[in-house]
Amino acid sequence: MYEDKTLVCKDCNEEFVFTAGEQEFYAEKGFVNEPQRCKACRNARKAAKADRVMHEAVCAECGASCKIPFEPKENRPVYCSECFAKINEE
């Protein structure tokens, strides 16, 4: 049913193989998009996220303590994940 497919990484422009097994895994998980990065570039992005400095803040909506990936500014409100999602729905 699935066949290996050659794709081009959007970060390094190198070709990589999206194997039949990976395609089956993506289908089982309900993923609809093919990977856009090779394994090396995906791993590099994950490592960069893991090294990111997180800052403590207080949600302007519910008052909960939260961690954010940027330094909060006095004149700008900060929202926790739940409040941010609610605000974006509106």
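See the structure printed just above.
Everything in this summary refers to the structure shown in the same document. The model shown is predicted, which means the values in this text are computed figures rather than measured ones.

1. Here we look at the layout of surface pockets
Reported here for the largest pocket is a volume of approximately 160 Å³. For the largest pocket, the full set of lining residues is Cys 66, Lys 67, Ile 68, Pro 69, Phe 70, Val 78, Tyr 79, Cys 80, Ser 81 and Phe 84. Secondary structure elements with two or more residues in the lining of the largest pocket: strand S4 (65–68) and helix H3 (81–89). Here the lining of the largest pocket takes three residues from S4, the largest share from any one element.

2. Structural notes on the pattern of salt bridges
If you walk through the whole model with that rule in mind, you get three salt bridges. With a shortest N-O distance of 2.5 Å, Lys 5 and Glu 34 are connected by a salt bridge. Of this pair, Lys 5 sits in strand S1 (residues 5–8) while Glu 34 sits in the loop between helix H1 (20–29) and helix H2 (39–50); the two residues are 29 residues apart in sequence, bridging distant segments of the chain.

3. Remarks on the packing of aromatic side chains
Tallied over the full model, the rule gives three aromatic pairs. A centroid spacing of 5.1 Å and a plane angle of 70° characterise the contact between Phe 18 and Tyr 26, whose relative ring orientation is edge-to-face. The same class applies to Phe 18 as to Tyr 26, namely buried. Summarising the aromatic geometry, the rings of Tyr 26 and Phe 31 are spaced 5.3 Å apart at their centres and angled 80° between planes, so their arrangement reads as edge-to-face. Classification of Tyr 26 by relative accessible area gives buried; the value is 19%.

Conventions adopted
For every chain, the first residue of the written sequence is number 1, and numbering continues from 1 onward in sequence order. Residue-level local features of this predicted model are given only where pLDDT is at least 70; pairs of side-chain atoms are given and counted only at 80 or more, and the full residue set underlies all totals for whole chains, interfaces and linings. Note: side-chain values were computed over all heavy atoms of the structure, leaving out hydrogens and water. Only protein atoms enter the 1 Å grid used here, on which a cavity is any set of points holding a 1.4 Å probe that cannot leave and a pocket is any open set flanked by protein within 12 Å on both sides along at least five of seven lines; residues with an atom within 4 Å of a point are listed as lining. Grid points are joined across faces, edges and corners, and a volume is the space filled by probe spheres set on the points. Helix and strand labels come from DSSP, where a helix needs a run of H or I of at least four residues and a strand needs a run of E of at least two; each type is numbered from the N terminus. By definition here, a salt bridge exists when the distance from a side-chain nitrogen of Lys or Arg to a carboxyl oxygen of Asp or Glu is within 4 Å. Working definition: a ring pair exists when centres of Phe, Tyr or Trp rings (six-membered ring for Trp) sit within 6.5 Å. Plane angles under 30 degrees give stacked, over 60 give edge-to-face, the rest tilted. Here's how the labels work: a residue is buried when its accessible area is under 20% of the maximum for its type, exposed when over 50%, partly exposed in between, all with a 1.4 Å probe on protein chains only.

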